[in-house]
Amino acid sequence: MGAMIMDADAWILTVLGTGLGIAVLTDITTHRIPNWLILGIAIACLLLHSWFEQWNGLLLATTGLMVGLLCFLPLHLFGAMGAGDVKLMAAVGSALGPESVLVAVLLTVLSGGFIALLYIGLRGGMGAMLRRYGFMVFLLTQRQPQYLPPVANETAGLRFPYAMAIACGTAMALWIVSGQS
């Protein structure tokens, strides 16, 4: 039986899938995504794209990395997202390229919203969240918008492991993009 030869996509998907799986597990257990993991995904994808597609592959992976980074960097700068999540999306971009990582970013945001609602609901915070946002809408309709400081122990203000949303968004993007080609 001969050795199985994998093409570029198979290698890249293997690196990406394994890396995202480890990222989800470490984010759930430690609330951190290790830099060595993110850097390993990005370097492996840059090298694989370069090996199989030469300069075009390196350009694709590099621009994908930058697009992934720039999409989530503002969220980190405003304190809405951890740096590990931003760097993980950049690594995803190095695997997917610029166009596909945009799809992954959009689907990650949708996945994150769904997971956040599930997280809030499972922790019993849905009523408090609906009251808070209902009051915000009321203030807007009265043309009196104002900052409402979070209430102590408010579930909607808690963070959750966002690597899971990134993995779900990336998986859905791969499914959508693969169906188009």
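Note that the structure is predicted; figures quoted are calculated from it, not measured.

On to the overall build of the protein. When helices and strands are tallied, the protein shows six helices and zero strands. When its helices and strands are written in sequence order, the protein yields α-α-α-α-α-α. Looking at the protein residue by residue over its 181 residues, the buried ones come to 36%. Total accessible area on the protein stands at roughly 11100 Å², and carbon and sulfur atoms take up 72% of it.

Take the side chain of T26 next. Structurally, T26 is set in helix α1 (residues 8–30). Overall, T26 belongs to the buried group, its relative accessible area being 18%. Polar side-chain contacts of T26 include one of 3.4 Å to the backbone oxygen of R32. T26 has contacts with H31, R32, I33 and P34, leaving out every residue within four places of it along the chain.

Take the side chain of S100 next. With respect to the helices, strands and loops of the structure, S100 is situated in helix α4 (residues 98–122). Look past the residues within four positions of S100 in its chain and what remains in contact with it is A173 and V177.

Now for α4. Taking 1.5 Å as the rise per residue, α4 with 25 residues should run 36 Å; its terminal C-alpha atoms sit 35 Å apart, in good agreement. All of the buried residues along α4 are P98, S100, V101, A104, V105, L107, T108, S111, G112, I115 and I120. Elements that come into contact with the buried residues of α4 comprise α2 (35–77), α3 (83–96), α5 (126–141) and α6 (163–180). Two residues or fewer past α4, G124 is found with a positive phi of approximately 75°.

On inspection of all chains with the given rule, the structure shows three aromatic pairs. Aromatic side chains F72 and Y162 sit 6.3 Å apart centroid to centroid with 70° between the ring planes, which places their arrangement in the edge-to-face category. Here the residue F72 occupies a position in helix α2, and Y162 occupies one in the loop between α5 and α6, the gap between them amounting to 90 residues. No difference in accessibility class separates F72 from Y162, as the two residues are buried. With 5.8 Å between their ring centres and 40° between their planes, Y119 and F160 make a pair best called tilted.

Judged by nonpolar contacts, the single largest core of 33 residues is most densely connected at F72, L88, V92 and I166. Elements with a contribution of two residues or more to this core: α1, α2, α3, α4 and α6. With sequence-adjacent residues up to four places away left out, V92 is seen in contact with L16, L20, V101, I166 and T170.

A word on the environment of C45. As for its position among the elements, C45 is in helix α2. In this structure C45 comes out as buried when scored by relative accessible area, which is 0%. Between the C-alpha atom of C45 and that of A61, which follows or precedes it by 16 residues, the distance is 7.0 Å. With residues near it in sequence (within four places) discarded, C45 still touches I12, V15, A61, S94 and A95.

At their nearest, the axes of α2 and α3 sit 4 Å apart, and the two run at 155° to each other. Looking at the two axes, α2 sits roughly antiparallel to α3. The two elements α2 and α3 cross, and the hand of that crossing is right-handed. Here the residues of the contact of α2 with α3 sort into 16 nonpolar, eight polar and two charged.

Conventions adopted
- Each chain has its residues counted from 1, following the order in which its sequence is written.
- Local features in this predicted model are restricted to residues whose pLDDT is 70 or higher, and side-chain atom pairs enter the listing and the counts only when it is 80 or higher, whereas totals over whole chains, interfaces and linings include all residues.
- To obtain the side-chain values, all non-hydrogen atoms of the structure were included, while hydrogens and water were left out.
- The helix count covers DSSP runs of H or I at least four residues long, the strand count covers runs of E at least two residues long, and both are numbered beginning at the N terminus.
- Note on classification: 1.4 Å probe, protein chains only; a residue is buried when its accessible area is under 20% of the maximum for its type, exposed when over 50%, partly exposed between these limits.
- Computed by Shrake-Rupley with a 1.4 Å probe, the accessible areas treat only the displayed protein chains as cover when residues are assessed.
- Polar contact is defined as a pair of N or O atoms within 3.5 Å, subject to the rule that within protein one atom must be able to donate a hydrogen and the other to accept it, and that residues adjacent in sequence are counted only when both atoms are side-chain atoms.
- In what follows, a contact means two residues having at least one pair of non-hydrogen atoms within 4.5 Å.
- In this analysis, the expected span of each helix is defined as 1.5 Å times one less than the number of residues it contains.
- Here a pair means two rings of Phe, Tyr or Trp (six-membered ring of Trp) with centres within 6.5 Å. Their orientation is stacked below 30 degrees between planes, edge-to-face above 60, and tilted elsewhere.
- We define a nonpolar core as any set of buried Ala, Val, Leu, Ile, Met, Phe, Trp, Tyr and Cys residues linked to one another through side-chain atoms lying within 4.5 Å.
- Orientation is described by lines fitted to C-alpha atoms, with helices fitted over the stretch in contact, and by angles between N-to-C directions that extend from 0 to 180 degrees.
- Just so you know how the angles are binned, under 35 degrees is roughly parallel, over 145 roughly antiparallel, 65 to 115 roughly perpendicular, and the rest oblique.
- Note on convention: near helix rotated counterclockwise from far helix by under a right angle means a left-handed crossing. Clockwise means right-handed.
- Only Asp, Glu, Lys and Arg are considered charged in this grouping, and only Ala, Val, Leu, Ile, Met, Phe, Trp, Tyr, Cys and Pro are considered nonpolar; every other residue, Gly among them, is considered polar.

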